[in-house]
Amino acid sequence: MSICSPRWATPRTPERKTLGSAAAKISEALGHSLMPWQRLVLDTALEIDPKTGRFSYRNVCIGVPRQSGKTYLLLVMLLTRCLAEKRVNCLYAAQTGADARKRLIDGWLPDLQHTKFADTFHPRLASGHEALVFHNGSHIGLVASTMKAGHGHTIDCAVIDEAFS
């Protein structure tokens, strides 16, 4: 199989530090190597602005065909954010609240519980308050995919999976 570069992508800014290497290590610890396009996205999306110390990009949009590894990429990015800093508030939304809950509880949680990350968080499973709560105060919570979802919250990283729907 040949490696195909993305047709369109924001180029990486070499002068900026990135958490892309940390994300790649997290992916390896989860038992998967990142595909080249995933690594490119994470290297660029997780660039740090040297003047502010904050992430360089406020919005990152990813458009790839179904079953290409997008949702896995999002998990790695969310874990990277939550493990790299204290008290990071991440929210995840999918087509419906039920889809987001299913991804977190039936997909990500069982996979994470069998890795070295199992000791870094505890699951909160109360209906309507589901989250992965990390010992450093960071968390990955769920939000409904409605127009008012997340309003009033201070959010460090919001992910909308399958945003088209």
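Our subject is the structure that appears above.
Just so it is clear, the model here is predicted, and its values are computed rather than measured.

Below, the discussion takes up the pattern of salt bridges. Think of it this way: side chains of opposite charge can pair up when their charged atoms draw near. According to the stated counting rule, one finds five salt bridges in the structure shown. The salt bridge involving Glu47 is made with Arg16; its shortest N-O contact spans 2.7 Å. Of the two residues, Glu47 sits in strand E2 (residues 47-48) while Arg16 sits in the segment before strand E1 (17-18), which places them 31 residues apart along the sequence. According to the relative accessible area criterion, Glu47 is buried, its value standing at 0%. Here Lys102 ties to Asp106 by a salt bridge, and the two come within 3.9 Å at their closest N and O atoms. Here Asp106 and Lys102 lie together in helix H4 (residues 97-112), a separation of four residues that amounts to about one turn. Like Asp106, Lys102 is exposed. Taken together, the shared-partner salt bridges connect Arg12, Arg16 and Glu47 into one network.

Take the sheet that holds strand E6 (residues 139-142) next. Reading across the sheet, the five strands line up as E4-E5-E6-E3-E7 and stay open at both edges, with mixed pairing between neighbours. Sheet topology places strand E4 (121-124) and strand E7 (157-160) at the edges, where each strand pairs with a single neighbour. Averaged over all neighbouring strand pairs, the angle between strand axes comes to 20°, with direction disregarded. In this sheet, strand E5 (residues 131-134) lies alongside E4 in antiparallel orientation, the contact comprising four bridges. The residue of E5 that forms the bridge with His122 is Val133. With respect to the sheet, helix H3 (residues 70-84) is in contact with strand E3 (89-93), E5, E6 and E7, its orientation differing from that of E7 by roughly 170°.

Attention shifts here to the packing of helix H2 (residues 36-45) against H3. Relative to each other, H2 and H3 sit at 40°, their axes nearing to 11 Å. Between H2 and H3, the angle is such that the two are oblique. For the element pair H2 and H3, the recorded crossing hand is right-handed. Of the residues in H3, those touching H2 at Trp37, Gln38, Val41 and Leu42 are Lys70, Tyr72, Leu73, Val76 and Met77. Per-class residue counts for the contact of H2 with H3 are seven nonpolar, one polar and one charged.

Here H4 spans 21 Å end to end across 16 residues, near enough to the 22 Å set by a 1.5 Å rise per residue. All buried positions along H4 are accounted for by Ala100, Leu104, Ile105, Gly107, Trp108, Leu109 and Leu112. Along its buried surface, H4 packs onto H3, E3, E4, E5 and E6.

Scoring rules and cut-offs
- Residues numbered from 1 in each chain as written.
- Predicted model: local features only at pLDDT ≥ 70, side-chain atom pairs only at ≥ 80, totals over all residues.
- Heavy atoms only, no water.
- Salt bridge = Lys/Arg side-chain N within 4 Å of Asp/Glu carboxyl O.
- Helix = DSSP H or I, 4+ residues; strand = E, 2+ residues; numbered from the N terminus.
- Buried < 20%, exposed > 50% of the residue type's maximum accessible area, 1.4 Å probe, protein only.
- Pairing = 2+ DSSP bridges.
- Axes fitted to C-alpha atoms, helices over the stretch in contact; angles between N-to-C directions.
- Contact = heavy atoms within 4.5 Å.
- Parallel < 35°, antiparallel > 145°, perpendicular 65-115°, else oblique.
- Left-handed = near helix turned anticlockwise from the far one by under 90°.
- Nonpolar A, V, L, I, M, F, W, Y, C, P; charged D, E, K, R; others polar.
- Expected span 1.5 Å × (residues − 1).

These figures come from the coordinates and say nothing about function on their own.
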